[in-house]
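# Residue-level structure breakdown
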Amino acid sequence: MAHQSRRVLRLLSAGRAEAAGLSARRLELSARGCGGGGGWRRFGPAVPEDRRLAFKDDVLPFSAFLTDNFGRRHNYLRISLTEKCNLRCQYCMPEEGVKLTPRSQLLTTKEVLTLARLFVQEGVDKIRLTGGEPLIRPDVLDIIAEMRKLEGLKTIAVTTNGMNLSRLLPGLKDAGLDLLNISLDSLVPAKFEFIVRRKGFHKVMEGIEKAIEMGYRPVKVNCVVMRGLNEDEILDFVSLTETKPLDVRFIEYMPFDGNRWNFKKMVSYQEMLDRIRQQWPNLESLPGGKADTAKSFKVPGFQGQLGFITSMSENFCGSCNRLRITADGNLKVCLFGNSEVSLRDSLRSGASHEELLQVICAAVGRKKQQHAGMFSISQMKNRPMILIGG
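A short tour of the structure in this document, coming up. This one's a predicted model, so the numbers in the text were calculated from it and none came from an experiment. Numbers given for residues are sequential positions, taken from 1 along each chain in its written order. Predicted model: local features are reported for residues with pLDDT of at least 70 only, side-chain atom pairs are reported and counted for 80 or more only, and whole-chain, interface and lining totals are derived from all residues. Water and hydrogen atoms were dropped before computing side-chain values, which therefore reflect all heavy atoms in the structure.

## Topic: the pairing of strand 4 (residues 126-130)
On a regular strand, each side chain points to the face opposite its neighbour's, so the side chains alternate between the two faces of the sheet. Basically, it comes down to this: For the exposure calls, accessible area comes from a 1.4 Å probe over protein chains only, and a residue counts as buried if that area is under 20% of its type's maximum, exposed if over 50%, partly exposed in between. Only DSSP runs of H or I with at least four residues qualify as helices, and only runs of E with at least two residues qualify as strands; both kinds are numbered from the N terminus onward. At least two bridges found by DSSP between two strands are what make those strands a pair. Looking down the strands as they point away from the viewer, one classifies a crossover as right-handed if the path from the first strand across the helix to the second runs clockwise.
With 5 of 5 residues buried, strand 4 lies mostly within the body of the structure. Residues K126, R128 and T130 of strand 4 are buried on one face, and the alternating residues I127 and L129, pointing to the opposite face, are buried as well. Examined bridge by bridge, strand 3 (residues 76-80) and strand 4 share 5 bridges and lie parallel to one another. Residue pairing in the sheet places Y76 in a bridge with K126 of strand 4. Of the crossover connections in this fold, the one passing from strand 3 over helix 4 (residues 109-121) to the parallel strand 4 is right-handed.

## Structural notes on the pattern of salt bridges
How we decide: In the sections that follow, a salt bridge refers to a side-chain nitrogen of Lys or Arg positioned within 4 Å of a carboxyl oxygen of Asp or Glu.
Summed over the entire model, instances satisfying the criterion amount to 14 salt bridges. One salt bridge connects D232 with K191, and the closest N-O pair in it is separated by 3.0 Å. With D232 in the loop between strand 7 (219-225) and helix 9 (234-243) and K191 in helix 7 (residues 189-196), this residue pair connects regions lying 41 residues apart in the sequence. Here D232 falls in the exposed class, since its relative accessible area comes to 52%.

## Considerations on helix 10 (residues 269-279)
Let me state the cut-off plainly: Within this analysis, the arc is defined by the directions that extend from the helix axis to the C-beta atoms. The contact rule is simple, with two residues in contact once any of their heavy atoms fall within 4.5 Å.
Every buried residue of helix 10 is accounted for by Y269, M272, L273 and I276. In an axial view of helix 10, the angular spread of the buried residues amounts to 95°, which keeps them on one side of the axis. Structurally, helix 10 contributes buried residues whose contacts are with strand 7, helix 9, strand 8 (246-252), strand 10 (294-298) and strand 11 (305-309).

## Side note on the state of the cysteines
Let me state the cut-off plainly: The disulfide definition used here is simple: a pair of cysteine sulfur atoms within 2.5 Å.
Per the counting criterion, the structure on display carries 0 disulfides. For the unlinked cysteine C334, the closest cysteine sulfur is that of C317, found at 6.1 Å.

## Digging into the packing of aromatic side chains
What counts, and what does not: A pair of aromatic rings is counted whenever rings of Phe, Tyr or Trp (Trp by its six-membered ring) have centres within 6.5 Å, and the orientation is called stacked for planes under 30 degrees apart, edge-to-face for over 60 and tilted otherwise. Two limits define a charge over a ring: the Lys NZ or Arg CZ must be within 6 Å of the ring centre, and within 35 degrees of the ring normal.
Scanning all chains against the criterion turns up 6 aromatic pairs. Aromatic pair F192 and F201: ring centres 5.7 Å apart, planes at 70°, arrangement edge-to-face. What makes F201 buried here is its relative accessible area of 8%. K126 extends its terminal NZ or CZ atom over the ring of Y76, reaching a point 4.5 Å from the ring centre. Taking NZ or CZ as reference, K295 lies 5.4 Å from the ring centre of Y269, over its face.

## Section: the side chain of K332
So the rule is basically this: Two N or O atoms form a polar contact when they lie within 3.5 Å of each other; inside protein one atom must be a possible hydrogen donor and the other a possible acceptor, and for residues adjacent in sequence the pair counts only when both atoms belong to side chains.
Positionally, K332 belongs in strand 13 (residues 330-332). At a separation of 3.5 Å, a polar atom in the side chain of K332 contacts the side chain of E340.

## Considerations on the sheet that holds strand 14 (residues 341-342)
Consider a sheet: its strands pair through backbone hydrogen bonds, and that pairing is either parallel or antiparallel. Stated formally: Every axis in this analysis is a line fitted to C-alpha atoms, fitted for helices over the stretch in contact. Angles between the N-to-C directions lie between 0 and 180 degrees.
Read across the sheet, 12 strands follow the order 9-10-11-8-7-6-5-4-3-12-13-14 without closing on themselves; strand pairing throughout is mixed. In this open sheet, the two edge strands, each paired with only one partner strand, are strand 9 (284-285) and strand 14. Across 4 bridges, the pairing between strand 4 and strand 5 (residues 155-160) is parallel. Counted as the bridge partner of R128 is A157 from strand 5. Each of strand 6 (179-183), strand 7 and strand 8 is contacted by helix 8 (residues 201-213), which is oriented at about 160° to strand 6, the strand it contacts most.

## A closer look at the nonpolar core
Selection criterion: As used here, the term nonpolar core means buried Ala, Val, Leu, Ile, Met, Phe, Trp, Tyr and Cys residues forming a set that is joined through side-chain atoms within 4.5 Å.
Of all hydrophobic cores here, the largest spans 97 residues; its most connected members are F119, I127, M147, F250 and L331. In this structure, L331 is in contact with F119, L323, R324, I325, S339, E340, V341, L343, I360 and A363, ignoring residues within four places of it in sequence.

Coordinates in, geometry out; function isn't part of it.
See below:
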């Protein structure tokens, strides 16, 4: 601990009072450990040495509360703003829909912002708002504007189905939205309607064009690839990147409650890549960041790029930096895990800042080294994707 304290003092003496103040706060909290008392304790065993205080870029300490037993630092938080959606995508929810949580049990705007503030104070620098469909929440612009005020938060992103995007984009940009991911699983209007069980293809395309027009770079387009449904459009999606600054991301079909996942429907990353390389043999692999979920590629001369999210065939659990909060306030440390802890209940019972951190730390400490594998996941009880946050 002494060398860590001296590091903070050096920051102060170097004139970086603001950074050192944040460092000292994290150092103070981390020193208490997850048990709330003296020493490095959490619920259960002592916090391992490598969880006690992790340094980010060897300057600012990263909170031990958000560092798991495998040294993974969780600086990326996904918050679901609603369970409701104006589409019924086949891979996301059952055709009959899902039973929605009563409104009184969903996080209020104040609770969303309280949790966002807490996580940012502990080192989260990117928040993604998801759903359901986050853009149908009436106060989404206010939430983004308030999050924009959080010191230390570098990036606010939204994943949307694009149905309301064109209308809301000016307000989203003014509120401070940095990044956009738009779901689009077919470029054929009739097939689009079959997959999402609703009309609206042209609205989504209009939203994509508007995002490009308003300067979002890149605009990420998420495409869940399913055999017998849209794998014949892979090359068409790649062609979109020729003249548009898009990052098309092909997502392997993943098992969730109610989506009737079947291994035979899954098109693997390698199969998709082989198909693309037959058309574009000069496809280039792009370097990626340590915590990137996508394997990125580019056709030379094309404006945009493409990527593959290989959760099933080649998991990236070892570099996972993500945590999720569901619309009803549960913390999920793994998308495919069924373990959850209620932050909503802790908030509503009057838990202090430090008590909330203890709950969070205990959950992060239980995070497994990797998910159970696609066949085991398909047999596990978990939420439908729409109730997790897509």
